[in-house]
Every structure is written in structure tokens, then in C-alpha cells.
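The residues making up each chain are set out below.
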Amino acid sequence: MVKINSCVFISGNGTNLKSLIKSSRSYNFPIKISLIISNNKNAKGLIYAKKYSIPFKVFNNKPLLDECAALKELSKRKISLICLAGYMKILSKNFLNNYKGKIINIHPSLLPKYKGLNTYEKILKNKEKLSGCTVHYVNQKLDDGKVILQKFFFISHHDNEKTLKIKTQKIEHKIFSEAITKMYSMN
Ligand code: GRF
């Protein structure tokens, strides 16, 4: 099977990156992770790049210079899918235009609800009964593009930010791979 060359962008723990790497090692999974990019040299997730011998680059200078360097690297490695997995920087219009329809993101809420930061805090404050996560295409508006896959769970009145995060991430670690499989089975 010819796999799609992809790159995962991270800024932090990289638990979603880890789940994508695990899926990508299976023969039937449509993508191969050929590159990892981080804007944070101390991102914990970079340990997975080292552990699984995946090339990685850290770009943490000025945004435009970083994007320019990232675009060069992506083109050098013939990347045709970018997965944002906890990447905490907004990508410019120029960058997005270079990878139109080829950038996806995972967000810890049932979009269009609770875009942006501090998601768990906002969900609890609004006494929501349901929460979940969403994998979506990235466009120029924050957490806004077309939804690829979404899954929900019921919030218990015992839940706090910590337990909500644990429950959400448990689903995230499955849904990201499922969304990618879905994308390429539709083509
Ligand atoms: C995830 O919860 C994701 O939804 C959000 O950032 C978090 C990243 O977690 N965009 P990790 O770095 O993959 O552990």
C-alpha cells in the first residue's frame, strides 16, 4: 500500500502524536508520518520522534520565518497531509493556502461549541451534559473548518477539569486515526 506522506505539528505532550504513530505502523493505515514539527524545543512529544526515529524540526523564531522554513521542509519531504496535534500557533493565510484542504486539527470539544482555549473550564462552567472531541479541516478561522469526525460522552456531576481531560483524550487517541481512515476511504 502506498502511504500518504504526512507531518504532525505539536507544541506539548504529544499524546495524540503517539497514537498517530502507533496507527501509522499498521499496514492498512493510509498515512506515514515522515516528519514532526514543533514550535517548542521543550515539547515533551518530541520524545516520540526520537523513540520511533522520525525526523523532526523545531522552528521557534519569528512566525513568518518559521513558516517559510517549515514550508521548505514540508516540500522537501513531499508532505501532503498536515495533522495539527496540540499545535498552539495560528498558521498564516499564506501557509494555509499552500496546503489547502490538507491540514486537519483535533479539538477537545464538540465543535462548533467551545472554540479556542480553556475548553474544559468553559464546558464545566456552562454545566454541559455532553462533551467530546472533533477532528476537522483547518481554515482561516479558529477551530472552524468542516468536521471530519466527532465523538461524544456524557459528563458526570463528579467531573472536574482533570477527569474531563482524561475522558476527552481517551477518545481523541482513537478518533484522530479514525478520521484519517475516513478521509482516505472517501476518495
Ligand atoms: C489535545 O487535547 C487536542 O485536542 C488539543 O491539544 C491537546 C494536545 O494534547 N488541540 P497532546 O499534546 O496530544 O497530548
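See above for the structure.
Notes on the structure in this doc start here.

The rules we used
- Residues numbered from 1 in each chain as written.
- Predicted model: local features only at pLDDT ≥ 70, side-chain atom pairs only at ≥ 80, totals over all residues.
- Heavy atoms only, no water.
- Core = buried A, V, L, I, M, F, W, Y, C linked by side-chain atoms within 4.5 Å.
- Buried < 20%, exposed > 50% of the residue type's maximum accessible area, 1.4 Å probe, protein only.
- Helix = DSSP H or I, 4+ residues; strand = E, 2+ residues; numbered from the N terminus.
- Contact = heavy atoms within 4.5 Å.
- Disulfide = S-S within 2.5 Å.
- Expected span 1.5 Å × (residues − 1).
- Axes fitted to C-alpha atoms, helices over the stretch in contact; angles between N-to-C directions.
- Parallel < 35°, antiparallel > 145°, perpendicular 65-115°, else oblique.
- Left-handed = near helix turned anticlockwise from the far one by under 90°.
- Nonpolar A, V, L, I, M, F, W, Y, C, P; charged D, E, K, R; others polar.
- Phe/Tyr/Trp six-rings, centres within 6.5 Å; stacked < 30°, edge-to-face > 60°.
- Salt bridge = Lys/Arg side-chain N within 4 Å of Asp/Glu carboxyl O.
- 1 Å grid on protein atoms, 1.4 Å probe; cavity = no way out; pocket = protein on both sides within 12 Å on 5 of 7 lines; lining within 4 Å.
- Points joined across faces, edges and corners; volume = space filled by probe spheres on them.

Counting residues in each nonpolar core, the largest one holds 36 residues, and the members touching the most others are C83, I104 and F176. Of all the elements, helix α6 (residues 161–185) adds the most residues to this core, at 7 residues. Those residues in contact with I104 that lie beyond four places of it in its chain are L81, I82, C83, L84, V135, H136, Y137, V138, I148, F176, I180 and M183.

Scanning the entire structure with this criterion turns up 0 disulfides. Of the cysteine sulfurs around C83, a residue in no disulfide, the closest is that of C7, at 8.3 Å. Among the cysteines around C133, which has no disulfide bond, C83 carries the closest sulfur, lying 15 Å off. Residue classification places C133 among the buried positions, given a relative accessible area of 0%.

Glancing now at helix α3 (residues 63–76). In a regular helix each residue adds 1.5 Å, so 14 residues correspond to 20 Å; α3 covers 20 Å between its end C-alpha atoms and thus fits that length. Looking at the packing, one finds that the buried side of α3 touches β1 (4–10), β2 (31–38), β3 (56–58), β4 (81–84) and α4 (93–98). Count one or two residues on from α3 and you reach K78, which has phi positive near 50°.

Put simply, helix α1 (residues 15–24) and α6 touch, their axes get as near as 9 Å, and they point 45° apart. When the axis of α1 is compared with that of α6, the two are oblique. By crossing handedness, the relation of α1 to α6 is classed as right-handed. Contacts between α1 and α6 involve T15, N16, S19, L20 and S23 on the former and, on the latter, Q169, E172, H173, F176, S177 and I180. In terms of residue class, the contact of α1 with α6 is built from 3 nonpolar, 7 polar and 1 charged.

This paragraph deals with the packing of aromatic side chains. A full pass over the atoms with the stated rule returns 4 aromatic pairs. Geometrically, the ring pair formed by F152 and F154 is edge-to-face, given 5.7 Å between the ring centres and 90° between the ring planes. The exposure class assigned to F154 is exposed, which follows from its relative accessible area of 61%.

Cis rather than trans, the peptide bond between L111 and P112 has omega equal to 15°. Topologically, P112 is positioned in the loop between β5 (103–107) and α5 (119–125). Positioned with a positive phi, S53 is a non-glycine residue whose angle comes to about 50°. One can find S53 in the loop between α2 (46–51) and β3. Of note in this structure, K127 is not a glycine but carries a positive phi near 50°. Tracing the sequence through the fold places K127 in the loop between α5 and β6 (130–137).

With that out of the way, let us pick up the pattern of salt bridges. Evaluated as defined, the whole model comprises 7 salt bridges. Between D159 and K167 there is a salt bridge; the shortest N-O distance is 2.8 Å. Among the ionic contacts, a cluster of salt bridges with common partners joins E73, K76 and R77.

Considered as a void within the structure, the largest pocket measures approximately 970 Å³ in volume. Forming the boundary of the largest pocket are 35 residues, of which G86, Y87, M88, I106 and L117 lie nearest the centre. Among the secondary structure elements, those contributing two or more residues to the lining of the largest pocket are α1, β5, α5 and α6. Split into classes, the residues belonging to the lining of the largest pocket amount to 13 nonpolar, 16 polar and 6 charged.

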